[in-house]
Amino acid sequence: MSYVSIVGTGSYVPTKVVTNNDLEKIVDTNDEWIKTRTGIHTRRMSEGENTSDLALKAAEEALKDADMSGEDIDLIIVATVTQDTFTPSVACIVQSKIGANKATCFDITAGCTGFVYALNIAKQFLETGKCKNALVIGAEVLSKVTNWEDRNTCVLFGDGSGAAVLRAGEQEGIISTYTGSKGDENRYLEIKAVQVNNPFMQEISNNNPSLIKMNGKEIFKFATKIIRKSLKNVIEDTGYSLDDVKYIVPHQANHRIIEHVAHKTNMDIDRYYMNIDKYGNTSSASIAIALDEMNKKGLLEKNDKVILVGFGGGLTWGSIFINWVK
Ligand code: COA
């Protein structure tokens with residue numbers, strides 16, 4: 001069995017900045033409500049770029065950071081809930097653009113936990129020796145599935161992408177992973193796909209649009225509990241304590257969720273990395289963007305311990321305990 005480590009990161013967000021004041025012109029909301037209830041000041045919106053365009057830019061940066069090219073990559077996994085097309089996968093589109101000709105490529109959907117799930121899957125491929133270098137991407141254009149008439153949700157989301165290059169080798173980077181799902185609570189967060197509709201049905205169905213529907217209060221309660229459970233799980237598995245961990249990198253959904261968890265875990269809020277003020281909730285991309293930002297800012301030093309923790313639609317959740325080796 002090989003060890004697996006993160007050897008490069010990248011990210012990309014569209015250039016269009018949408019402020020809370022911009023949203024006041026679309027729905028009955030205001031800057032004060034959004035800032036105090038969510039911590040979001042701005043988010044980025046695609047002006048035409050699709051999910052694979054965002055994924056590609058993050059991937060190119062991550063490859064550069066890892067000092068690799070597409071030819072070195074033998075596995076590409078994209079976590080997303082906003083694929084360009086049902087087929088081909090976003091991963092296959094990225095493959096063709098970076099020339100990763102020997103890679104196996106597929107997308108996964110695990111709501112906002114997607115990046116954590118995808119890292120976990122890639123780790124298994126690398127550990128067993130099946131692959132040597134993997135590109136893991138979280139990318140979303142949520143603006144195309146946002147209900148722009150629903151003030152409860154449209155103020156929360158943004159577009160963006162982040163990527164990490166993983167390598168199998170001697171250095172133990174990803175020390176522990178934990179994932180879970182609870183399908184019987186799937187109703188709290190939904191984006192419908194194409195409805196069943198064919199000429200052999202008794203009744204032709206109404207094609208409801210594919211837009212985000214969420215019960216914010218239920219998700220809030222779920223998030224504050226499941227983040228703690230996910231942290232506890234990898235902490236117990238590794239034998240380290242939370243005191244050994246330099247940063248927690250949580251999914252960026254609401255600053256109040258993160259503050260609540262920081263309080264419950266008796267940790268200084270500064271050890272929970274946050275950039276939700278700038279980007280809002282970018283689903284599968286949020287943890288990947290945050291990790292890349294931390295890498296670029298030089299916040300991570302060799303052998304720092306970091307926990308990535310996600311939660312989201314499905315319902316899904318998960319955590320990854322990392323020893324930073326870059
Ligand atoms: N602007 C102004 N008022 C708004 C508003 C907006 N954008 N959205 C909702 N409101 C109103 C509500 O209509 C409600 O008014 P009422 O009391 O007259 O009915 C009031 O604000 C309070 O709404 P409530 O839903 O209780 O707010 P909240 O404090 O629970 O915050 C969320 C709402 C969505 C921000 C919060 O529940 C949340 O973040 N949940 C988790 C969501 C999440 O993490 N999703 C991603 C999972 S991956």
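Further up the page is the structure itself.
Asks: Quick question: what am I supposed to make of the pattern of salt bridges here?
Replies: Side-chain pairs of opposite charge can arise whenever the charged atoms involved come near each other. Enumeration according to the criterion identifies 16 salt bridges in this entry. In this structure, aspartate 28 engages arginine 151 in a salt bridge whose closest nitrogen and oxygen atoms are separated by 3.7 Å. Remark: arginine 151 occurs in helix H6 (residues 151-154) and aspartate 28 occurs in the loop between helix H1 (20-24) and helix H2 (31-38); sequence separation between them is 123 residues. Between lysine 296 and aspartate 292 there is a salt bridge; the shortest N-O distance is 2.6 Å. Of this pair, lysine 296 and aspartate 292 are both found in helix H10 (residues 286-297), 4 residues apart, which corresponds to roughly one turn of the helix. Judged by relative accessible area, aspartate 292 falls into the buried class, the value being 1%. Because the salt bridges share partners, they merge into one network encompassing Glu61, Asp292 and Lys296.

Asks: Looking at this model, I keep getting lost on the packing of aromatic side chains. Mind explaining?
Replies: A full pass over the atoms with the stated rule returns 3 aromatic pairs. Judged by centre distance (6.0 Å) and plane angle (65°), the rings of phenylalanine 222 and tryptophan 317 are edge-to-face. On the criterion of sequence distance, the pair formed by phenylalanine 222 in helix H7 (residues 216-238) and tryptophan 317 in strand E13 (residues 316-323) is long-range, its members being 95 residues apart. Residue class for phenylalanine 222 comes out buried when judged on its relative accessible area of 13%.

Asks: When you look at the state of the cysteines in this model, what are you seeing that I'm missing?
Replies: Under the definition given, this model contains 0 disulfides. Left unpaired, cysteine 105 is separated from the closest cysteine sulfur, that of cysteine 92, by 4.8 Å. According to the relative accessible area criterion, cysteine 105 is buried, its value standing at 14%.

Asks: Can you help me understand the sheet that holds strand E12 (residues 305-312) in this one?
Replies: Sheets are built from strands that pair by backbone hydrogen bonding, the pairs being arranged parallel or antiparallel. Reading across the sheet, the 4 strands line up as E8-E13-E12-E11 and stay open at both edges, with mixed pairing between neighbours. Only two strands of the sheet have a single neighbouring strand rather than two, namely strand E8 (174-181) and strand E11 (247-250). Ignoring strand direction, the axes of neighbouring strands in this sheet form an average angle of 10°. By the bridge criterion, 4 bridges tie E11 to E12 in an arrangement that is parallel. In the strand pairing of E12, tyrosine 247 is matched with valine 306. In this fold helix H5 (residues 114-127) packs onto E8, E12 and E13, with an angle of close to 125° to the strand it touches most, E8.

Asks: Looking at this structure, how should I read H10?
Replies: Note: α-helices contain 3.6 residues per turn, so residues at a spacing of three or four share the same orientation. Between its first and last C-alpha, H10 extends 17 Å over 12 residues, near the 16 Å set by a 1.5 Å rise per residue. What H10 keeps buried is the set Ser286, Ile287, Ala288, Ile289, Ala290, Leu291, Asp292, Glu293, Met294 and Asn295. Within two residues after H10, glycine 298 carries a phi angle of roughly 75°, on the positive side.

Asks: Please explain the nonpolar core as it appears in this structure.
Replies: Side chains that are nonpolar tend, in soluble globular proteins, to be buried together. Counting 40 residues, the largest nonpolar core has Ile227, Leu231, Ile248, Tyr272, Ile307 and Phe311 as its most contacted members. Contributions of two or more residues to this core are made by H7, helix H8 (255-264), E12 and E13. Among the domains, domain 1 (3-172) and domain 2 (176-194 + 208-323) are the pair contributing at least three residues each to this core. Every residue in contact with isoleucine 307, bar those within four places of it in the chain, is listed here: Leu231, Val234, Ile235, Leu242, Val245, Tyr247, Ile248, Val249, Ser319, Ile320 and Phe321. By size, the runner-up hydrophobic cluster in this structure holds 35 residues, among which are Leu75, Ala168, Val249 and Tyr273.

Rules and cut-offs
Residues numbered from 1 in each chain as written. Predicted model: local features only at pLDDT ≥ 70, side-chain atom pairs only at ≥ 80, totals over all residues. Heavy atoms only, no water. Salt bridge = Lys/Arg side-chain N within 4 Å of Asp/Glu carboxyl O. Helix = DSSP H or I, 4+ residues; strand = E, 2+ residues; numbered from the N terminus. Buried < 20%, exposed > 50% of the residue type's maximum accessible area, 1.4 Å probe, protein only. Phe/Tyr/Trp six-rings, centres within 6.5 Å; stacked < 30°, edge-to-face > 60°. Disulfide = S-S within 2.5 Å. Pairing = 2+ DSSP bridges. Axes fitted to C-alpha atoms, helices over the stretch in contact; angles between N-to-C directions. Contact = heavy atoms within 4.5 Å. Expected span 1.5 Å × (residues − 1). Core = buried A, V, L, I, M, F, W, Y, C linked by side-chain atoms within 4.5 Å. Domains from an automatic or database assignment.

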